Amino acid sequence: MNDFLLWAAALGPALLAEGLLARYEVLAYGAGWRRPVTTLPEGVPYARGAAPDDPPEAYLVYLDGIGKRRVRDSRDGGQLVKAVIAGAPELRVLGQVQPYSPLADPLADRPVWAWLRRRVGLLLFLHNVMQIFVAADRRYRPLYNRAVGSQIATQLRLAGYRPGSGIPVVLLSYSGGAQVATGAVDELRTRLGAPLVLIMFGAFHNGANDLTRVEHVHELTSASDRVERVGTWMFPRRWRLLRRSAWNRAARAGKITVHRLDPATHVGPRSYISPSASLPDGRSHLDRTTDTVIAIIRDRRGATVAAQDPLS
């Protein structure tokens, strides 16, 4: 009991502080007090994979889970990004977007947070968790969506994307990155006019963002993913009962396809992107997730070509 009270006494003020800081950042963006960061550290490319001078088949933007704290990829997310680039060299891939910072300011690079990371690393995760709930809060959601959608559009332009080119943009999101991906849709369509495909695995989102302007949503899920299930229970707009919610309207319109990746878990040694967990066919969970993502993108390309040339 004493241990519980000690944890509550420590985490309570931390959660309150994180909630206030998370709101401050989105309000600072809206008020224009600070300008979003657009430049990347020396040696970090704006994209990897296919070259921009020879238009790639698609641009893929990876929006990581709450472990994303710096411009460079997180450990697990980095493995997935590298695997996608290796398996689909026709894609131009961006992994530097900061989904939990409306100001595109990497958390781990801020002096105070660098100090805290060495002493109380849990606070960095709490910060990103609170940002997810700020992004889902109806009071802040429109501003947060505009901020991160603008960040993604800017990074795509810097990576060589030409607005109006018709090249598809794939938002590949993990966990809380799905809240950001669904929220960025309108801003990206407005700024770039790009066809948008959403691929989300272990998705944690509130189902409130409008998906009318999305071409399609692919949901990679598993019965063993408890975190994703908590999200579907926590947010009423994910419940089938609320038929008029944005998520359920998209489902009725046939815009959502579910792909089963059982028995993957949300995190840990059997997660979607685990390189060590093996499947009966000999592939790792990372291999299967990578193969699924690449197959979705290539199938979309094949369907588009067939629609343009029905006699082929």
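Note that the coordinates shown come from a computational prediction; the quantities given were computed from them, not determined experimentally. (Residues numbered from 1 in each chain as written. Predicted model: local features only at pLDDT ≥ 70, side-chain atom pairs only at ≥ 80, totals over all residues. Heavy atoms only, no water.)

This paragraph deals with the pattern of salt bridges. Tallying each qualifying case throughout the model produces 10 salt bridges. A salt bridge links glutamate 187 to arginine 191, with the shortest nitrogen-to-oxygen separation between them at 2.7 Å. Of this pair, glutamate 187 and arginine 191 both sit in helix α7 (residues 185–192), separated by four residues, roughly a single helical turn. Measuring nitrogen to oxygen at the nearest pair gives 2.7 Å for the salt bridge that ties glutamate 215 to arginine 300. Of this pair, glutamate 215 sits in the loop between β5 (196–201) and β6 (216–221) while arginine 300 sits in helix α10 (residues 285–308), and the two are 85 residues apart along the sequence. (Salt bridge = Lys/Arg side-chain N within 4 Å of Asp/Glu carboxyl O. Helix = DSSP H or I, 4+ residues; strand = E, 2+ residues; numbered from the N terminus.)

Let's shift gears to a positive patch on the surface. A contiguous patch of positive charge, built from Arg243, Arg244, Arg249 and Arg252, is present on the exposed surface. Structurally, the position occupied by arginine 252 is in helix α9 (residues 246–252). (Patch = residues over 30% accessible without salt bridge, like charges linked within 9 Å, V, L, I, M, F, W, Y side chains within 5 Å. Areas by Shrake-Rupley, 256 points an atom, 1.4 Å probe, with all protein chains shown as cover. Lys, Arg positive; Asp, Glu negative; His and termini not counted. Charge placed at Lys NZ, Arg CZ, Asp CG, Glu CD.)

This paragraph deals with the pairing of β6. Counting buried residues along β6, six of its six residues qualify, which places the element largely inside the surrounding structure. By the alternation rule, side chains of β6 split into His216, His218 and Leu220 and Val217, Glu219 and Thr221, which are all buried. In this sheet, β6 lies alongside β5 in parallel orientation, the contact comprising five bridges. Considered in β6, the bridge of phenylalanine 201 is made with leucine 220. Of the strand pairs in this sheet, β6 and strand β7 (residues 256–260) are connected by five bridges, and their pairing is parallel. Its bridge partner lying in β7, leucine 220 is registered against histidine 259. (Buried < 20%, exposed > 50% of the residue type's maximum accessible area, 1.4 Å probe, protein only. Pairing = 2+ DSSP bridges.)

Turning our attention to the packing of helix α5 (residues 141–158) against α7. Where α5 meets α7, the closest approach of the two axes is 8 Å, and the angle between their N-to-C directions is 40°. The orientation of α5 relative to α7 falls into the category oblique. For the pair α5 and α7, the crossing hand works out as right-handed. Two secondary-structure elements touch here, α5 through Asn145, Arg146, Gly149, Ser150, Ile152, Ala153, Leu156 and Arg157 and α7 through Glu187, Leu188, Arg191 and Leu192. (Axes fitted to C-alpha atoms, helices over the stretch in contact; angles between N-to-C directions. Parallel < 35°, antiparallel > 145°, perpendicular 65-115°, else oblique. Left-handed = near helix turned anticlockwise from the far one by under 90°. Contact = heavy atoms within 4.5 Å.)

Right, let's get into unusual backbone geometry. Omega for the peptide link from aspartate 262 to proline 263 comes to 5°, which places this bond in the cis form. Structurally, proline 263 can be placed in the loop between β7 and α10. For serine 175, which is not a glycine, the phi torsion comes out positive at approximately 55°.

Moving on, we come to the packing of aromatic side chains. Inspection of every chain in the model, using the stated rule, returns six aromatic pairs. Centre to centre, the rings of tyrosine 174 and phenylalanine 201 are 4.9 Å apart; their planes meet at 10°, and the pair counts as stacked. A residue pair is termed long-range when its members are at least 10 positions apart, and tyrosine 174 in strand β4 (residues 169–174) and phenylalanine 201 in strand β5 qualify at 27 residues. When the ring of phenylalanine 204 is compared with that of phenylalanine 235, the centres are 5.5 Å apart and the planes differ by 75°; the resulting orientation is edge-to-face. Taken together, the residues span a long stretch of sequence, with phenylalanine 204 in the loop between β5 and β6 and phenylalanine 235 in the loop between α8 (226–234) and α9 at a distance of 31 residues. Neither residue differs from the other here; phenylalanine 204 and phenylalanine 235 are each classed as buried. Ring pairing ties together the aromatic residues Phe133, Phe204 and Phe235, which thus form one cluster. In this arrangement the basic side chain of arginine 238 is found over the ring face of tryptophan 247, its NZ or CZ atom lying 5.3 Å from the centre. (Phe/Tyr/Trp six-rings, centres within 6.5 Å; stacked < 30°, edge-to-face > 60°. Lys NZ or Arg CZ within 6 Å of the ring centre and 35° of its normal.)

It is worth spelling out the side chain of serine 284 at this point. If you trace the backbone, serine 284 turns up in the loop between β7 and α10. When neighbours within four sequence positions are excluded, serine 284 is seen to be in contact with Ser274, Pro275, Ala277, Ser278 and Leu279.

Okay, the sheet that holds strand β3 (residues 91–94) next. Reading across the sheet, the seven strands line up as β1-β3-β2-β4-β5-β6-β7 and stay open at both edges, with mixed pairing between neighbours. On the outer flanks of this sheet lie β1 (48–49) and β7, each paired with one strand and no other. Direction of pairing for β1 relative to β3: antiparallel, over a ladder of two bridges. Among the inter-strand pairings, glycine 49 is bridged to a residue of β3, identified as arginine 92. Along the sheet face, α5 touches β2 (58–63), β3 and β4 and points at about 135° away from the line of β2.

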